[in-house]
Amino acid sequence: MLSSNKDLKIYNSLTSTKDIFSPINENLVGMYVCGPTVYNTVHLGNIRTFISFDLIFRYLKHLGYNVRYVRNITDVGHLEDDSDEDKISKRAKTEKIEPMEVVQKYTNEFHSILDLFNVLKPSIEPTASGHIIEQIEMIQEIIDKGYAYESNGSVYFDTNTFSKDFKYSKLSNRDLDNVINESRDLAGSNEKRNLQDFALWKKAEHKHIMKWKSPWSLGFPGWHLECSAMSRKYLGNKFDIHGGGLDLKFPHHDCEIAQNECLSNEVSANFWLHTNMLTLNGKKMSKSTGNSVLASEIFDGNNNIFSKSFSPMTLKFFMYQAHYRNTIDLSNEALLASEKTFEKIVQLKKDLDNLETSDTSNISSQDWVDNCYKSINDDFNSPKLIANFFDLIKIINEIKSGKKKIDKENKDLLINYFSVFSTDILGLSFESEKNDNQNQILDILIELRDKERENKNYIISDFIRDKLNSLGINIEDNK
Ligand code: AMP
Ligand code: ZN
């Protein structure tokens, strides 16, 4: 393990401070991130959150930790705002397919989109519908402890009783009166003891299609419960990191904390991380308000917002140019600028590979490497890390112009760590560079064929032409 891991500091929403990260079990890190509700195609805002946690996952692995990364799939229990209708069920009715077909379709799509962004797969990807038994068991435990009650076949978390023994809303620091005023969750309000109580189990109405047997009714679990039950099952009562988008802080994460804390007497995760929102026209990207754009619409240029198409790596690079705790606004100008900047990084990689070495060096590559670690150790600060890449461009230019010298050892260190930070940690891929290599190989083949023709060696020249033809590359000979 690298010594630099000791310096990793992470901003913790629970304490509102940047704290040194040290895992509960040496070398092991447990991380839970709230995954998507798979009732439609994820938009770029959702993707930003998963790309941010990909960087965190990659860096923790780079530091040598054995990371168990659990990212769930919400396929039941997430209700439409202001209504009792499950998002998946509603979609199944509109598309006239089975709810589980909706789930499969959008889960597959979610995976393919993240693959395009070179996002690593989590260690476990549990579904809410696959953990109904665990959720029913957990509800029973909460009832037995006196923190939940049954009412007309539904079960609600008793926030008043909880507040007598623990602090409710630890993350967003709302007091209960505020919660009542803000609460849009009026569903079941005549069944609740207090308006701010939230559902652990809902009795299903007759028309509801996704329902399971339980001791209380034929029904379905509340949305907040799945993450409590699945994190507990796969990471235990106490684990290292819990993450999600900032919009999940309240009520989702505050409710999750309450559900676990009333059983184990402790907050489930040590560090709570929240990614800030991707905005479009200055407003949060969101499917429900229509203020959203899909990754595919940017890749194929089929949209009314952007003047041209952009690649997944340009988009990913654009997202990394902001720190994950800051908002970032998507616009044509911003993507055009990111594309140009990313091209400079691609060029940097080539220049670095081709850099001429001397016997002596007046450059210490280790300083540059240390600065990169300093940046990323500062709460995974990707824009600072990218700024170091531009420092490297300056260093390379000084070597090229003869102002500075570099020996092979220092050059190899730069090549190695540039690859570590850009490819392993940021997960950028340099596909376009590969394409350039392929073009160069093609040029060599064509030049070789021309030489063979000049020498009237037609057997070889025709062989090359026919082979290229079979790959769809047609060569026409003219004077
Ligand atoms: P959902 O499928 O709505 O549960 O969202 C999946 C994840 O995307 C959650 O962690 C949300 O907080 C996150 N998310 C939703 N909208 C945005 C946005 N505009 N920018 C960044 N993250 C978002
Ligand atoms: Zn969750």
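Residues numbered from 1 in each chain as written. Chains lettered and ligands numbered in written order. Predicted model: local features only at pLDDT ≥ 70, side-chain atom pairs only at ≥ 80, totals over all residues. Heavy atoms only, no water.

Trainee: Tell me about the overall build of the chain, residues and numbers included.
Mentor: Helix and strand counts for the chain stand at 16 helices and 13 strands. Principal-axis analysis of the C-alpha atoms gives the chain an extent of 90 × 55 × 35 Å. Counting only residues that meet the buried cut, the chain has 52% of its 479 residues in that class. Taking the intrachain contacts of the chain between residues at least 6 apart in sequence as the baseline, contacts between residues at least 24 apart amount to 75%. Approximately 22400 Å² of the chain is accessible, and the part contributed by carbon and sulfur atoms is 47%. (Helix = DSSP H or I, 4+ residues; strand = E, 2+ residues; numbered from the N terminus. Buried < 20%, exposed > 50% of the residue type's maximum accessible area, 1.4 Å probe, protein only. Contact = heavy atoms within 4.5 Å. Areas by Shrake-Rupley, 256 points an atom, 1.4 Å probe, with all protein chains shown as cover.)

Trainee: Now, about the site of ligand 1: what can you tell me, with residues and values included?
Mentor: Taken together, the neighbourhood of ligand 1 is formed by 16 residues, with Thr37, Thr49, Asp247, Leu278 and Met285 sitting nearest. Thr37 is positioned with one of its backbone polar atoms (N or O) 2.9 Å from an oxygen atom of ligand 1. In this structure, Asn46 approaches ligand 1 through a side-chain N or O atom, which is 3.1 Å from an oxygen atom. With the chains in place, 92% of the 490 Å² that ligand 1 exposes on its own is no longer accessible. Among the secondary structure elements, those contributing two or more residues to the shell around ligand 1 are helix 1 (44–62) and strand 9 (239–245). Per element, the largest residue contribution to the shell around ligand 1 is 4 residues, and it comes from helix 1. Classifying every residue of the shell around ligand 1 by side-chain character gives 6 nonpolar, 8 polar and 2 charged. (Near = heavy atom within 4 Å. Polar contact = N/O pair within 3.5 Å; in protein donor to acceptor, adjacent residues only side chain to side chain. Nonpolar A, V, L, I, M, F, W, Y, C, P; charged D, E, K, R; others polar.)

Trainee: Describe helix 4 (residues 132–144), naming the residues involved and giving the relevant values.
Mentor: Taking 1.5 Å as the rise per residue, helix 4 with 13 residues should run 18 Å; its terminal C-alpha atoms sit 18 Å apart, in good agreement. Considering only its buried residues, helix 4 is in contact with strand 5 (148–151), strand 6 (154–157), strand 7 (199–203), strand 8 (219–221), helix 7 (223–235) and helix 8 (249–264). Of the residues one or two after helix 4, Gly146 is the one with positive phi, at around 90°. (Expected span 1.5 Å × (residues − 1).)

Trainee: Can you lay out the domain arrangement of the chain for me, pointing to particular residues and giving the numbers?
Mentor: In terms of domains, the chain is made up of domain 1 (11–275), domain 2 (280–428) and domain 3 (431–470). One C-alpha centre belongs to domain 2, the other to domain 3; they are set 34 Å apart. (Domains from an automatic or database assignment.)

Trainee: Account for the coordination of the zinc ion (ligand 2), with residues named and values stated.
Mentor: For the zinc ion (ligand 2), the protein coordination sphere consists of Cys34 (SG), Cys227 (SG) and His252 (NE2), at 2.0 to 2.2 Å. Of note, the zinc ion (ligand 2) draws all its donor residues from one chain, in the sequence arrangement C-x192-C-x24-H. You can see Cys227 sitting in helix 7 and its partner His252 sitting in helix 8, a full 25 residues away along the chain. For the pair shown, Cys227 and His252 are each scored as buried. (Donors = N, O, S within 2.8 Å, 3.2 Å for Na, K, Ca; no water.)

Trainee: If you had to explain the pairing of strand 4 (residues 66–71) to someone new, which residues and values would you point to?
Mentor: Put simply, side chains in a regular strand alternate between the two faces of the sheet. Alignment of strand 3 (residues 28–33) against strand 4, held across 6 bridges, turns out to be parallel. By the bridge assignment for strand 4, Met31 is matched with Tyr69. (Pairing = 2+ DSSP bridges.)

Trainee: Break down the pattern of salt bridges for me, with residues and values.
Mentor: The tally for this structure, following the rule as stated, stands at 23 salt bridges. Across the salt bridge formed by Lys18 and Asp378, the nearest N and O atoms sit 2.6 Å from each other. Of this pair, Lys18 sits in strand 2 (residues 17–20) while Asp378 sits in the loop between helix 12 (365–377) and helix 13 (382–400), and the two are 360 residues apart along the sequence. Look at Asp378 and you get buried, because its relative accessible area is 17%. One salt bridge in this structure joins Lys105 and Glu95, with 3.0 Å as the shortest N-O distance. (Salt bridge = Lys/Arg side-chain N within 4 Å of Asp/Glu carboxyl O.)

Trainee: Describe helix 14 (residues 408–425), and please don't skip the residues or the numbers.
Mentor: Over its 18 residues, helix 14 runs 24 Å from end to end, which matches the ideal 26 Å to within 8%, given 1.5 Å per residue. Residues of helix 14 that are buried: Asn410, Lys411, Leu414, Tyr417, Phe418, Val420, Phe421, Ser422 and Ile425. The inward-facing, buried residues of helix 14 abut helix 1, helix 11 (332–353), helix 12 and helix 13. Looking at the residues trailing helix 14, positive phi occurs at Gly427, about 70°.

Trainee: Residues and numbers for the sheet that holds strand 4, please.
Mentor: An order of 4-3-9-10 is seen for the 4 strands of this open sheet, with the pairing classed as parallel. Looking along the sheet, the strands with just one partner apiece sit at the ends: strand 4 and strand 10 (269–275). Within this sheet the neighbouring strands show an average axis-to-axis angle of 20°, counted without direction. Across the sheet, helix 7 lies against strand 3, strand 4 and strand 9, angled at about 165° from strand 3, the strand it touches most. (Axes fitted to C-alpha atoms, helices over the stretch in contact; angles between N-to-C directions.)

Trainee: Lay out the nonpolar core in plain terms, naming residues and giving numbers.
Mentor: Among the nonpolar cores identified, the biggest contains 117 residues, and Leu44, Leu60, Leu330, Trp368 and Phe421 are the most heavily contacted of them. Counting residues per element, this core draws most heavily on helix 1, at 10 residues. Counting contributing residues, this core receives three or more from each of domain 1 (11–275) and domain 2 (280–428). If you look at the next biggest cluster of nonpolar residues, it comprises 14 residues, including Cys34, Cys227, Val267 and Ala269. (Core = buried A, V, L, I, M, F, W, Y, C linked by side-chain atoms within 4.5 Å.)

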